[in-house]
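# Examining the three-dimensional arrangement
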Amino acid sequence: MKIFHSIHDFVSTKKTILTLGTFDGVHIGHKKILEKVIQNTFDSEYESVVLTFFPHPRMVLQEKSEVRLLNTIAEKIDLLETIGIQNLIIHPFDESFSRLTAEAFVKTILVDSLHIQKIIIGYDHRFGRNRTANIDDLITYGEQFDFEVEQITVQEINDVSISSTKIRNALLEGNMELANKYLGYEYSLSGKVSKGKQLGRTIGFPTANLKIEEEYKLIPKDGVYVVQSPINNKVVQGIMNIGNNPTVDGKNKSIEVHYFDFNEDLYHKKISVSILHRIRSEQKFENVTLLKKQLELDSSSALAYFKAL
């Protein structure tokens, strides 16, 4: 997959079949649209293009927006490449871009820069300055500038919007089974391992302290989870705690992973943690001994979960 970080960087000698949107999560609803784009490019005369934006428009246009996204840019790239999209354009979204009129967007971006033959889009998609233009306007522009417009059905659009909302709500409730069902893959957190208080080592539960650079990444509800990670070409199982470590008077939220039967040094390495199931809420124990006993129970629960898969 070719990646472009601006519409103006895109170069192609072929006509394009395009869709556009934020595609946060690249979930099962999105895949229906993306697969339609790919199906339209079986003829070598055309190639597929996904146009997306970063920062998320709500981050730019809404004051004090605290929008949390399901994917980092790197995660979105990996997911789109796996699906088979040929070209991904991640265009910088700013106030200047948001002020483009609908006609200017169609003529200068879609037609002159991206050479679209066909655009596949939702029936309720709105675009242009203040989002004043709709699908009927796009069809009119298609007739004017000689490109085809394919509308996504109401049902398919509902699948996209409903699943996005359900995924976020499920993650905030700690319901990983539901979130992963709608994603079509296991939700994950990725970051570098940094040194923490190293309390876990003293009680037989060493942990990797995960630091996520992207502040906009949505973190699931605090608690203890069953997780697994691909490390050195093998899948390593474990448990993860998201929270403030109240037993030891923790002040800041941390993400700590304990892997079973694993002794390798992970400091400063980047790891990805897939989250499968929430075991329990975070608790404050009277002492470290009681905490250790609970971690032993959590580990047993996690191992039983894996055994049942």
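For the structure, see preceding data.
Notes on the structure follow. Owing to the predicted nature of the structure, the values given are computational and were not obtained by experimental measurement.

## Points about the layout of surface pockets
- Estimated volume of the largest pocket: approximately 1200 Å³.
- Forming the boundary of the largest pocket are 38 residues, of which G21, T22, H125, R126 and R131 lie nearest the centre.
- Mapped onto the lining of the largest pocket, the elements with two or more residues apiece are β2 (15-20), α1 (28-39), α2 (57-61), α4 (95-98), β5 (116-122) and α7 (154-173).
- Tallying contributions element by element places α7 first for the lining of the largest pocket, with six residues.
- Broken down by class, the residue content of the lining of the largest pocket amounts to 17 nonpolar, 14 polar and seven charged.
- In this structure, the second largest pocket occupies an estimated 690 Å³ of space.
- T207, N241, N245, S254 and E256 are the residues nearest the centre of the second largest pocket, which is lined by 37 residues in total.
- Residue composition of the lining of the second largest pocket, by class: 13 nonpolar, 15 polar and nine charged.

## Quick word on the pairing of strand β12 (residues 270-280)
- The sheet contact formed by strand β7 (residues 188-194) and β12 spans five bridges and is antiparallel. Paired with L189 across the two strands is V273, which belongs to β12.
- Both strand β9 (residues 223-231) and β12 contribute to a ladder of five bridges, which runs antiparallel. If you follow V226 over to β12, its bridge partner there is H277.

## Comments concerning the sheet that holds β9
- Reading around the circumference, β7-β8-β11-β10-β9-β12 is the order of the six strands in this closed barrel, with antiparallel pairing throughout. Pairwise comparison of adjacent strand axes, ignoring direction, gives a mean angle of 45° for this sheet.
- Pairing geometry for strand β8 (residues 208-211) and strand β11 (residues 254-259), over two bridges, is antiparallel. Along β11, the bridge assignment pairs N209 with E256.
- Against the sheet, helix α10 (residues 288-308) touches β9, β10 (234-243) and β12, its axis set at about 95° to β12.

Cut-off values and rules
- Residues numbered from 1 in each chain as written.
- Predicted model: local features only at pLDDT ≥ 70, side-chain atom pairs only at ≥ 80, totals over all residues.
- Heavy atoms only, no water.
- 1 Å grid on protein atoms, 1.4 Å probe; cavity = no way out; pocket = protein on both sides within 12 Å on 5 of 7 lines; lining within 4 Å.
- Points joined across faces, edges and corners; volume = space filled by probe spheres on them.
- Helix = DSSP H or I, 4+ residues; strand = E, 2+ residues; numbered from the N terminus.
- Nonpolar A, V, L, I, M, F, W, Y, C, P; charged D, E, K, R; others polar.
- Pairing = 2+ DSSP bridges.
- Axes fitted to C-alpha atoms, helices over the stretch in contact; angles between N-to-C directions.
- Contact = heavy atoms within 4.5 Å.

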